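Architecture at a glance
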Amino acid sequence: MSVLDEDPLSHERLDVELGRSWEEAGGRFTIGTALEVDALIEAGVEDADVFIASTNGDNTNLVVAQIAQRRFNVDRVIARVLDPRRAAWYSEQGLRTICPTQIAIEQLEQAALGAD
Amino acid sequence: MDGLYVIIAGAGKVGWNLARELLEKGHEVTCVEQDRRRYLTVEQELEHAVQYGDATELWVLERAGIQRADLVVAVTGDDEDNLLICQVAKEKYLCERIIARVNNPRNLDHFKLLGIQPAVSATDLILRLIEHEVPRYGLVHLLDLPEERLEIIELVVSEDAPAAGRAIANLGLPEGSLVISVLRGGAGFVPKADTVVEAGDEVLVVLDPGIEADITAKFVSENGRG
């Protein structure tokens, strides 16, 4: 498990929630931004079986997921995309997308209209 | 080139001025700007030719009429946005012509990887201008079309170059190269096989990629290469 994040605070947060250090738990952490090829390589993208793009920006996720897929030939690439229409279109193009908005809509609909 | 419908994503300095130029040339233009204040400023001049919205959102592009656009130009300050706008324009809306701006030259590889061409980097353009204005490097790239396997370079013939004082036919230029123009004393002409190259001439050479070093060796002496 290797995490790439531009904010060192994210590393601390991982430690706190685990109750021990992220590295002790077998994790890796690299500070950098997703579009930096050097940072991706340092984080181990070349050996990855799965790549998850889940920054807080749809556009970053869509770009970096395609880089992982096409440049580094990662087998399984998943991108978080909040915009339902783009999530749908990119998944038609062969990119796995997870759309939290769509999931929330379905759950809200269920909560509002479904049986108790 | 008349009567194009052009969508420009980003109404910053580049986008706004580009929109103005294209409108003056008689094209139809829609600029899309996501910053409300910037939009209001630009709207005072461009009026209906600018729309407020985030051009990475599909409905915004559709509202701008992407289905009938002849050309989409993405010149926002964000490379990811420019990449994705051009990608959907090309692959979803089948727009035949796209142009993307690259803000950070290190992202150029990403544009190539995703097939977004041409991708224009202001840094690269300025570097070329500097090379053109300051020809002490001896060599200026005028045109590089790697896909078409074509390059045009400009060289200033140095004093002690092998080519100085020799006819074009006797230069022993490698196969896949051709001298297409000679600039001498401020005037250019197309050389013939017996045209004698002089020191100080600027020569334009069209060539296959990869043989540039062989050609440079003929026109620029070792010390002249700066």
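Structure shown above.
Our subject in this report is the structure included herewith.

What counts and what doesn't
- Residues numbered from 1 in each chain as written.
- Chains lettered and ligands numbered in written order.
- Predicted model: local features only at pLDDT ≥ 70, side-chain atom pairs only at ≥ 80, totals over all residues.
- Helix = DSSP H or I, 4+ residues; strand = E, 2+ residues; numbered from the N terminus.
- Rg over C-alpha atoms; globule rule 2.2 N^0.38 Å.
- Buried ≥ 20, exposed ≤ 12 C-beta atoms within 10 Å, placed from the backbone.
- Contact = placed C-beta atoms within 7 Å.
- Pairing = 2+ DSSP bridges.
- Axes fitted to C-alpha atoms, helices over the stretch in contact; angles between N-to-C directions.
- Nonpolar A, V, L, I, M, F, W, Y, C, P; charged D, E, K, R; others polar.

Okay, the overall build of chain B next. Regarding its fold elements, chain B presents seven helices and eleven strands. What you see for chain B is a C-alpha radius of gyration of 22 Å, clearly larger than the 17 Å of a compact globule of 226 residues, by over 25%. Counting only C-alpha atoms, chain B reaches 65 × 35 × 30 Å along its principal axes. Buried residues in chain B amount to 33% of all 226 residues. Looking at chain B alone, contacts between residues at least 24 apart form 55% of all its contacts between residues at least 6 apart.

Residue and element names in this part refer to chain A. The strand order across the open sheet built from three strands is β3-β4-β5, with neighbouring strands paired in parallel fashion. Pairing within the sheet leaves two strands with one partner each, and these edge strands are β3 (50–53) and β5 (96–98). Across the sheet, the mean angle from the axis of one strand to that of its neighbour is 20°, orientation sign disregarded. Taken together, the three bridges between strand β4 (residues 76–80) and β5 define a ladder with parallel strand orientation. Counted as the bridge partner of Ala79 is Thr97 from β5.

Moving on, we come to the environment of Glu57 of chain B. Residues and elements named next belong to chain B. Here Glu57 lies in the loop between β3 (50–52) and α3 (58–63). For Glu57, a count of 18 C-beta atoms within 10 Å gives the class partly exposed. As a C-alpha pair, Glu57 and Asp81 span 24 residues in sequence and 9.9 Å in three-dimensional space.

A few words now on the interface of chain B and chain A. Taken together, the contact between chain B and chain A spans twelve residues of the former and 13 residues of the latter. Secondary-structure elements contributing two or more residues to the side of chain B that touches chain A are α4 (79–91) and α5 (108–113) of chain B. Tallied by class, residues from the side of chain B that touches chain A come to five nonpolar, three polar and four charged.

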